[in-house]
Amino acid sequence: MSQLDIYADDAPQTRLASLTDARDIAGELARVGVAFEQWQATHALTDDADQASILAAYSDDIARLRQLGGYITADVVSLRPSHPDRATLRQKFLDEHTHSEDEVRFFVAGSGAFYLHLHQRVFQLTCEKGDLLSVPAGTPHWFDMGPEPHFTAIRLFIDPAGWVGHFTGSPIARQFPRHGE
Ligand SMILES: [Fe+2]
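Residues numbered from 1 in each chain as written. Predicted model: local features only at pLDDT ≥ 70, side-chain atom pairs only at ≥ 80, totals over all residues. Heavy atoms only, no water.

Concerning the coordination of the iron ion
- For the iron ion, the protein coordination sphere consists of His 97 (NE2), His 99 (NE2), Glu 103 (OE) and His 141 (NE2), at 2.0 to 2.2 Å.
- The coordination sphere of the iron ion comprises four donor atoms, whose angles at the metal cover 82 to 168 degrees; the geometry is irregular.
- Of note, the iron ion draws all its donor residues from one chain, in the sequence arrangement H-x1-H-x3-E-x37-H. Per residue, the accessibility class of His 97 equals that of Glu 103, and both read buried. (Donors = N, O, S within 2.8 Å, 3.2 Å for Na, K, Ca; no water. Tetrahedral: all angles 85-135°; square planar, octahedral: opposite > 155°, others 65-115°. Buried < 20%, exposed > 50% of the residue type's maximum accessible area, 1.4 Å probe, protein only.)

What follows is the structure in structure tokens.
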């Protein structure tokens, strides 16, 4: 289930709110300038669908979003718990960082948690199938795929070659609940 948990950034033990209704989640995130939507596939996808079939199933929404955000390319990333490098891959974006362009992710399958650090709050959004999140450029955030990662996601980029994390050096991410533990 998609879920938004909100904390004060200095009180990781105290959840201020927990939302599971998609409209409530979208409304709460819109207040801090973050886009959240739910999309429907135009046809059924199997768990081993290839990139072309996945992009085709969501082509209308992808086209709309590309136009809105100026995104040039779309690709598909997929991880399963058996991946030999899962621990290294999980670690990659597990500490607070920013990007110079939006981080746009749509979950085709599985789940993962984004943590957005905005207005002295931490917004922990657990994304599942059908969830689209756009983290605005420059927003401090981190991402946890969990110790047994299982997700397939569409990514939208302006420039995939420029996709790097700028780490803030803050230990904040380690104080908040992890995903899937
Ligand atoms: Fe990121």
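Examining the UniProt feature "binding site: Fe(2+)" (unreviewed entry) in the protein
- UniProt records the feature "binding site: Fe(2+)" (unreviewed entry) at His 97, His 99, Glu 103 and His 141, using the numbering of this structure. These annotated residues cover 45 residues of sequence, and their C-alpha atoms lie no more than 11.4 Å from one another, placing them together at a single site.
- Looking at where His 97 falls in the secondary structure, it is placed in strand β5 (residues 97-98).
- Classification of His 97 by relative accessible area gives buried; the value is 0%.
- Those residues in contact with His 97 that lie beyond four places of it in its chain are Glu 103, Thr 139, Pro 140, His 141, Trp 142, Gly 165, His 166, Phe 167 and Thr 168. (UniProt positions renumbered as here; feature names shortened; annotations may be inferred. Helix = DSSP H or I, 4+ residues; strand = E, 2+ residues; numbered from the N terminus. Contact = heavy atoms within 4.5 Å.)

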